[in-house]
Amino acid sequence: MESKEGGLFSHDPAVYYDEERGYYYTYSTDAGPKGWENPGGQIRRSRDLIHFEYLGAALKDGAIPEEVAALTKAKGVWAPDIIREGDEYRLYYSASTFGSQHSVIGLAVSDNPEGPFVHRGIVVHTTPESPVNAIDANLVREEGTGQHYLVYGSFWGGIRLLKLDNATGLAAEEGCGRVLACRDRKSCDTAIEGPYVRFNSKTGYYYLFVSFDSLTNVYNVRVGRSRKLEGPYLDHNGRRLDDMTCPANHVGLKLTTGYSFKEGTGFMALGHNSVLEREDGWFMVCHARYEHNKHLHALNVRRMVFDEEGWPAVSPCLYAGESEEIVPEQELCGIYKRIDFVLDVKRLCERPIPMELEKKGKCLVGDLAGTWSYDPATGWIELVVNGAVERLRALRGTNREEGGETIALTGRNNAGIGVWAIRENQ
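Right, let's walk through the structure included here. (Residues numbered from 1 in each chain as written. Predicted model: local features only at pLDDT ≥ 70, side-chain atom pairs only at ≥ 80, totals over all residues. Heavy atoms only, no water.)

Turning to unusual backbone geometry, a few remarks are in order. Residues Gly115 and Pro116 are joined by a peptide bond in cis, for which omega reads 5°. Within the element layout of this structure, Pro116 appears in the loop between β7 (103-110) and β8 (118-126). Residue Pro232 is bonded to the preceding Gly231 through a cis peptide linkage, with omega at 5°. As for its placement among the helices and strands, Pro232 is situated in the loop between β15 (220-226) and β16 (253-254). Not every positive phi belongs to a glycine, and Ala79 is a case in point at roughly 40°. Here Ala79 shows up in strand β5 (residues 78-85). (Helix = DSSP H or I, 4+ residues; strand = E, 2+ residues; numbered from the N terminus.)

Okay, structure coming up:
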């Protein structure tokens, strides 16, 4: 059996940094092979977002509270998230069974981010008669007011926003809250889940991240944004994330995709993310399944950057300690392996095509010739190929497939289609 050490079997990870202890923590779903049946939610910690240590179960005694188990028949905890209020750490967790609306989001509290967390009460309870499913909790503080809100939901009824009582952490209003995002029945049976909202003070937007499609194969992260926490959340094309009249896979800016830069070494189903802002930039934390074994899933930490329009893009390389420094132009020339995102996914891992950035501003993408230019003040490259304009951020990265350092490119074209590329070893 694989070790619990590191990030293996981290499913639906929520990331949190505790300033007092100087640790990054992830809280994730009870998932893994036989021998991992103990419930309670997995906790890991790290000093550097690279090396993670497994600490054990979050809930006291590793047990589902009796009142929650009676309502849901749950055997384990799903998708926990955490927020600190004063000296109290509040862990919101989901309890359910696959494909059921007999679900609960519960609240457990502790004076330590490492637990144990003691059950305080039920925040949301749903049944097949409910318009939504009470799983996938995310906690958000409203800018300016400090008011706490719960963002949650999956499949039925989409993603909801519910006001909380700051004093208790429990629901402050009746009902299921207002809809922020949803999909119609044609889109993988309404598959939308894993919401995560964070505010970026530099852009002035709240960003709503969600995961689309089947979590076992073509899972992917999308994003929309709003000036207000309650929405509406719009994508890069101005489409609302709750608009079900658009083609199902054409709503939301797509930030992740299954990929394989080298056959057998790729990741698929990158999804159910959280995000973290540090002094040196932003990071996306999600889980992904290995191309060579879809039953193995692991923690992925990737640097996230924002373009001049305020839209995020995620590095194709796992974070290995690199800074967000500007890459000198003379280091950019070379041959790259390039992944073009696909909105209507047909295969689990997209395969690369060759791309070359030549000297004197010429480039090749597959068989197509084009031009490129670089802004050394921002680190963004502009490519013009076959009439399409692409804006890609150059980042330092580590080539996990081949080993060694590399240059990573991430961004999108003027139609909003994502691009990842890594430079081949020179």
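Next comes the rest of the write-up.
This paragraph deals with the pattern of salt bridges. In total, this model carries 27 salt bridges according to the counting rule given. Residue Glu325 pairs with Arg396 through a salt bridge whose shortest N-O separation is 3.1 Å. Note that Glu325 is positioned in the loop between β20 (312-314) and β21 (334-340) and Arg396 in strand β26 (residues 388-398), a separation of 71 residues in sequence. With relative accessibility at 38%, the residue Glu325 sits in the partly exposed group. (Salt bridge = Lys/Arg side-chain N within 4 Å of Asp/Glu carboxyl O. Buried < 20%, exposed > 50% of the residue type's maximum accessible area, 1.4 Å probe, protein only.)

Right, let's get into the pairing of β7. Of all eight residues making up β7, eight are buried, and the element is well covered by its neighbours. Of the two faces of β7, the one carrying Ser103, Ile105, Leu107 and Val109 and the one carrying Val104, Gly106, Ala108 and Ser110 are both buried. In the sheet, strand β6 (residues 88-95) pairs with β7 via seven bridges, with the strands oriented antiparallel. When the bridges of β7 are listed, Ser94 appears paired with Ile105. Pairing analysis gives seven bridges linking β7 to β8, with the strands arranged antiparallel. In the strand pairing of β8, Leu107 is matched with Gly121. (Pairing = 2+ DSSP bridges.)

When we look at a pair of aromatic rings, we describe it by the centre distance and by the angle of the planes. Enumeration according to the criterion identifies 16 aromatic pairs in this entry. On the numbers, 4.6 Å between centres and 40° between planes, the contact of Tyr17 with Tyr24 is tilted. Of the residues examined, Tyr24 reaches a relative accessible area of 9% and is grouped as buried. Taken together, a centroid distance of 5.5 Å and an interplanar angle of 70° make the contact between Trp282 and Phe306 edge-to-face. With Trp282 in strand β18 (residues 281-290) and Phe306 in strand β19 (residues 293-306), the pair connects residues that are 24 residues apart, well separated along the chain. Phe306 gets classed as buried once you look at its relative accessible area, which sits at 17%. Ring pairs connect the aromatic residues Tyr259, Phe261, Phe267, Tyr290, Phe341 and Trp420, which therefore count as one cluster. The side chain of Arg47 reaches across the aromatic face of Tyr23, ending 3.6 Å from its centre. (Phe/Tyr/Trp six-rings, centres within 6.5 Å; stacked < 30°, edge-to-face > 60°. Lys NZ or Arg CZ within 6 Å of the ring centre and 35° of its normal.)

Take the sheet that holds β16 next. Adjacent strands of a sheet pair through backbone hydrogen bonds, lying either parallel or antiparallel. Reading across the sheet, the four strands line up as β13-β14-β15-β16 and stay open at both edges, with antiparallel pairing between neighbours. Only two strands of the sheet have a single neighbouring strand rather than two, namely β13 (192-200) and β16. Pairing between strand β14 (residues 205-212) and β15: seven bridges, direction antiparallel. Note that in β15 the partner of Tyr207 across the bridge is Arg225.

Mapped onto the secondary structure, Glu350 falls in the loop between β21 and β22 (353-357). Looking at Glu350, the relative accessible area reads 6%, which means it is buried. A polar contact of 3.3 Å, which involves the side chain of Glu350, links it to the side chain of Arg347. The residues touching Glu350, leaving out its near neighbours within four places in the chain, are Thr257, Gly258, Tyr259, Ser260, Ile339, Asp340, Val342 and Val345. (Polar contact = N/O pair within 3.5 Å; in protein donor to acceptor, adjacent residues only side chain to side chain. Contact = heavy atoms within 4.5 Å.)

Looking at the largest pocket, its volume works out to about 790 Å³. Around the largest pocket, the lining is made up of 26 residues, and of these Tyr16, Arg141, Arg198, Leu276 and Glu277 lie nearest the centre. The set of elements that each furnish at least two residues to the lining of the largest pocket consists of β1 (11-18), β5, β9 (138-141), β13 and β17 (267-278). In terms of residue class, the lining of the largest pocket is built from 14 nonpolar, one polar and 11 charged. (1 Å grid on protein atoms, 1.4 Å probe; cavity = no way out; pocket = protein on both sides within 12 Å on 5 of 7 lines; lining within 4 Å. Points joined across faces, edges and corners; volume = space filled by probe spheres on them. Nonpolar A, V, L, I, M, F, W, Y, C, P; charged D, E, K, R; others polar.)

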